[in-house]
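Architecture at a glance
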Amino acid sequence: MKKQLSLIFIFFATILVQNGCQKEDDEGSRYTKLVWQDEFDVDGSVSTERWAFDIGTGAEIGLPGWGNNELQYYSDRSENIQIKDGNLEITARRESYNGSSYTSAKIHTKGIFQTTFGRFEARIKLPFGQGIWPAFWLLGDDSNGTVVWPAIGEIDIMEYRGQQPTIIHGTIHGPGYSGGNGVTDSYALSNGRFDSDFYVFAVEWGPDYIEYYVNDILYNKITPKDANGEWVFNDNEFYIILNMAVGGTFLGPPNSSTPFPQTMFVDYVRVYSE
Amino acid sequence: MKTVYLKFMKRFIPASLVLFIAIAACERSVDGLSEPTFTENPIVFADGFSSGLEYYPFSGTKLNAFSVDNQSTYGNSSASMRFDVPNYGDPSGAFAGAFFRDDNGGRNLSSYNALTFYIKASTASTISEIGFGLNGEGDKYRVGISGGLRVATFWQKVVIPIPDASKLTQEKGMFWYSTGPVDGNGYSFWIDELKFENLGSIGQSRPYIEGGNDSNSSVFEGQDYSVNNVGVTFNVADLGDISVSASSSYFNFISTDPTVAAINADGSVSIIGGGTATITAVLNGVAATGSVAITSIALAPEPTRDAANVISVFSDKYVNSPVDYFNGYWAPYQTTKGQDDIDVNGNKVIKYSELNFVGIEFQGDKTIDASTMTHFHVDIYVEDSLKAGDYLDVKLQDLGVDNIFGGNNDRAGTVRLTASSSPSLINGGWISADLALTRFAGLSTKSNLAQIVFISDGKIANVLIDNMYFYKE
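Just so it is clear, the model here is predicted, and its values are computed rather than measured.

Some points on the overall build of chain A
Helix and strand content of chain A: one helix and 18 strands. In chain A, buried positions account for 53% of the 274 residues. Within chain A, contacts between residues at least 6 apart in sequence are counted, and of these 71% link residues at least 24 apart. Accessible surface for chain A amounts to roughly 12200 Å². Of this, 48% is attributable to carbon and sulfur atoms.

Digging into the pattern of salt bridges
A side chain of one charge can pair with a side chain of the opposite charge if their charged atoms are brought near each other. Residue and element names in this part refer to chain A. Counted according to the given criterion, the structure contains 28 salt bridges over all chains. A salt bridge links Arg 123 to Asp 267, with the nearest nitrogen and oxygen atoms 2.8 Å apart. Of this pair, Arg 123 sits in strand 9 (residues 118-125) while Asp 267 is found in strand 18 (residues 262-273), placing the two residues 144 residues apart along the sequence. For Asp 267, a relative accessible area of 17% translates into the label buried. The structure contains a network of salt bridges with shared partners spanning Arg 119, Glu 121, Glu 204 and Asp 216.

Observations regarding the packing of aromatic side chains
A ring pair, where both rings are aromatic, is described by two values, the distance of the centres and the angle of the planes. Enumeration over the complete set of coordinates arrives at 47 aromatic pairs over all chains. Relative to B:Tyr471, the ring of B:Tyr469 lies with its centre 5.9 Å away and its plane at 50°, an arrangement referred to as tilted. Geometry around A:Phe265 places A:Lys125 over its ring, the cationic atom sitting 5.5 Å from the centre. Positioned above the aromatic ring of B:Tyr56 is the side chain of B:Arg101, whose terminal nitrogen or guanidinium carbon lies 4.4 Å from the ring centre.

Looking at the nonpolar core
Counting 69 residues, the largest nonpolar core has B:Phe100, B:Phe117, B:Phe175, B:Tyr177, B:Phe189, B:Ile191 and B:Phe251 as its most contacted members. If sequence neighbours within four positions are ignored, B:Phe117 has contacts with B:Ile130, B:Leu149, B:Gln156, B:Lys157, B:Val158, B:Ile160, B:Phe175, B:Ile191, B:Asp192, B:Glu193 and B:Leu194. Counting residues in hydrophobic clusters, the runner-up holds 59 residues, among them A:Ile157, A:Val183, A:Tyr187 and A:Phe233.

Some words on the pairing of strand 18 of chain A
Residue and element names in this part refer to chain A. The element strand 18 is largely enclosed, with a buried count of 10 among its 12 residues. In this sheet, strand 18 lies alongside strand 1 (residues 33-38) in antiparallel orientation, the contact comprising five bridges. Its bridge partner being in strand 18, Trp 36 is matched across the sheet by Val 271. By the bridge criterion, five bridges tie strand 5 (residues 87-97) to strand 18 in an arrangement that is antiparallel. Bridged to Glu 89 within strand 18 is Phe 265.

A few points about the pairing of strand 32 (residues 430-436) of chain B
Residues and elements named next belong to chain B. Of all seven residues that make up strand 32, five are buried, and the element is covered over most of its length. With seven bridges connecting them, strand 29 (residues 375-382) and strand 32 associate as antiparallel partners. Within the sheet, the bridge partner assigned to Tyr 381 lies in strand 32 and is Trp 430.

So, the environment of B:Asp316
Residue and element names in this part refer to chain B. Topologically, Asp 316 is positioned in the loop between strand 25 (310-314) and strand 26 (342-344). Overall, the relative accessible area of 38% leaves Asp 316 in the partly exposed class. A sequence separation of 104 residues divides Asp 316 from Ser 420, and the C-alpha atoms of the two residues are 30 Å apart. When neighbours within four sequence positions are excluded, Asp 316 is seen to be in contact with Gly 346, Asn 347, Lys 348 and Asn 467.

Some remarks on the sheet that holds strand 18 (residues 240-246) of chain B
All names here are of chain B. Taken together, eight strands build an open sheet; the order of strands is 2-5-12-8-9-18-17-14 and the sheet is antiparallel. Across the chains shown, the open sheet's two edge strands, defined by having one partner strand only, are strand 2 (53-57) and strand 14 (202-208). Sheet twist, expressed as the average angle between the axes of neighbouring strands with direction ignored, equals 25°. Where strand 8 (residues 129-132) lies against strand 12 (residues 173-179), three bridges are found, and the strand directions are antiparallel. Bridge pairing links Ile 130 to Tyr 177 in strand 12.

Comments concerning the confidence of the model for chain B
Residues and elements named next belong to chain B. Averaged over every residue, the pLDDT of chain B is 91; the share at 70 or more is 92%. Low confidence marks residues 1-30, where pLDDT is under 50. Its contacts with residues over four positions away, or in another chain, come to 22 contacts. Scored as a complex, the prediction yields pTM 0.80 and ipTM 0.81.

Some remarks on unusual backbone geometry
Cis rather than trans, the peptide bond between A:Phe260 and A:Pro261 has omega equal to -5°. Assignment of secondary structure puts A:Pro261 in the loop between strand 17 (238-246) and strand 18. Looking along the chain, the bond that leaves B:Ala331 and enters B:Pro332 is cis, with omega of -5°. Considering the arrangement of structural elements, one finds B:Pro332 in the loop between strand 25 and strand 26. Residue B:Asn467 is not a glycine yet carries a positive backbone phi of 55°. With respect to the helices, strands and loops of the structure, B:Asn467 is situated in strand 34 (residues 463-471).

What counts and how
- Residues numbered from 1 in each chain as written.
- Chains lettered and ligands numbered in written order.
- Predicted model: local features only at pLDDT ≥ 70, side-chain atom pairs only at ≥ 80, totals over all residues.
- Heavy atoms only, no water.
- Helix = DSSP H or I, 4+ residues; strand = E, 2+ residues; numbered from the N terminus.
- Buried < 20%, exposed > 50% of the residue type's maximum accessible area, 1.4 Å probe, protein only.
- Contact = heavy atoms within 4.5 Å.
- Areas by Shrake-Rupley, 256 points an atom, 1.4 Å probe, with all protein chains shown as cover.
- Salt bridge = Lys/Arg side-chain N within 4 Å of Asp/Glu carboxyl O.
- Phe/Tyr/Trp six-rings, centres within 6.5 Å; stacked < 30°, edge-to-face > 60°.
- Lys NZ or Arg CZ within 6 Å of the ring centre and 35° of its normal.
- Core = buried A, V, L, I, M, F, W, Y, C linked by side-chain atoms within 4.5 Å.
- Pairing = 2+ DSSP bridges.
- Axes fitted to C-alpha atoms, helices over the stretch in contact; angles between N-to-C directions.
- pLDDT = per-residue confidence, 0-100.

The structure is reproduced here in structure tokens:
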């Protein structure tokens, strides 16, 4: 019954938003002031005033496979990342490129935009297929390399296994609760798919709490008592990352039935403060 | 029947009410909404036949294979559909198969995206064909699960996605199946909760034609080409990828040259001009993988000689002299396949494939007296590309005065055709060979001709032949 009610609610909310009648009241949200955004409205390449690229396989910085046995080579070519028709498109391809069998893209705001607390949201239509691993996440500043992961903190707003198109995951990693032991919860659609439509993925992050939302539905709230270690989310600045990995320990490699190319469509990324 | 209907209404009225309020709150007018012409009833069989549903077994099947079962049902439903597949040799029918049709005029299924049901069988098996859209009235929007449906001995949910539901505004074919025994043994399977649904779990439409391959085909002008192996693969969350075969009518086809290959309303392709054209397709806005490059083959030029001066062996222009065969399949060395079995709107054509040698024979009272003739005519179309040294020999065999093989008076002669002979062989087009009988060295008698033999080097393997006749100038 609960499920049915929430479904109806989603439908109701969707119709209201789509018709632009009135926005659902963000009940309890303290973060209403838009402080950073990229609407991806101008076709072409990604703005380097807002984003920086990570290039390669991670081996360049001593982290082959980006620490997760990922298989892709990140490039900044338009084949892998571009803005088109009002969306950021990050595209994973099966191709031989600089010694890798797959290419994709990863952008971040490290040193460009970093902040503490707020609402971080992105409207995304996800890709599909075994071994496709897109993510929208935040990483804590490393104080010029003096603090290392997981002590810097990591807030995964949305992670997704392409082979499970109805489920997304929200996780935090910190000292004592990282990797497979991160504090995590999942959100599953009962009658929809994340690769069929756009969904808004968000966290509202404040002192001693991180709340996880899909389309304004709160599905998890993490507080220091949930973390099996030091809470590292009350003073450090965090930056935004968007990427799409191929393969990796989180979900396994692609197989012959994985359709390529696969594209993650991002309508916007917005950050609100108090 | 009433119970089913009421149950359905109870479940769905609140949701549609909410939907209506939501829309009404936002939009000023709901004008323009017209009543659907045909019922949108999604239920095919729940606790019994839905309104209008009739059962039509295929001919040759066990006619009483289907029954309504009140024992083995899914959940607590009061009835299920039971199908009894006969044993091998069962006199009542060799297999089980039927379609279930809505005989109230059809249903509007355009708001659904799948046919779903629960199924189990008395033994693990694969049901060869199962789907919807088969209605005995053209089967325009037929769909079946590719490769059959594997069934276990416990209830499992099955989802058969609709390739493009917007086409199904008046579909009568609610459900169909066809299957035979497993290793000769019959068995039973049950289906329950058979209905159309709109599932959010279906996505990733990946249509294909020609099995997703880029294929080639040669088609005669005037003939139609049916695009093969048409279907679509969907992903269903929790169930994985599901492929269905689909009628061409679901697809929009595109021809790179409509003056060569024109697309018909039913998705077939008519070859109407010379040249080549590539056919691709789109399903509901998604480009299909696969294509077919069609090379149009014109018919050979029609003979113009006066019938009074002609003895014809194979043509549509003249009365033909009778033959024993157009391919003797001579054992053991002949590989050549094909004979006079191509008919393009009444124009017969011979196609030989895997050609090494092949003989056309007309013995006994069928032998041809060409003693007053001066030439042998044959039209030849070589489909293979020609390489240096490739040849096609045309051999004429005469039996001599005794009119039987052997007896030391058999005479034969051969003309070798190559890329540099007169006439010269070409690839992908007809040539008309008018061969003076004097060129057949050794053919000193020609009053009892009994064979025309074609011999190739094996590299020229695919050859079309038309208009074989003797004539005098």
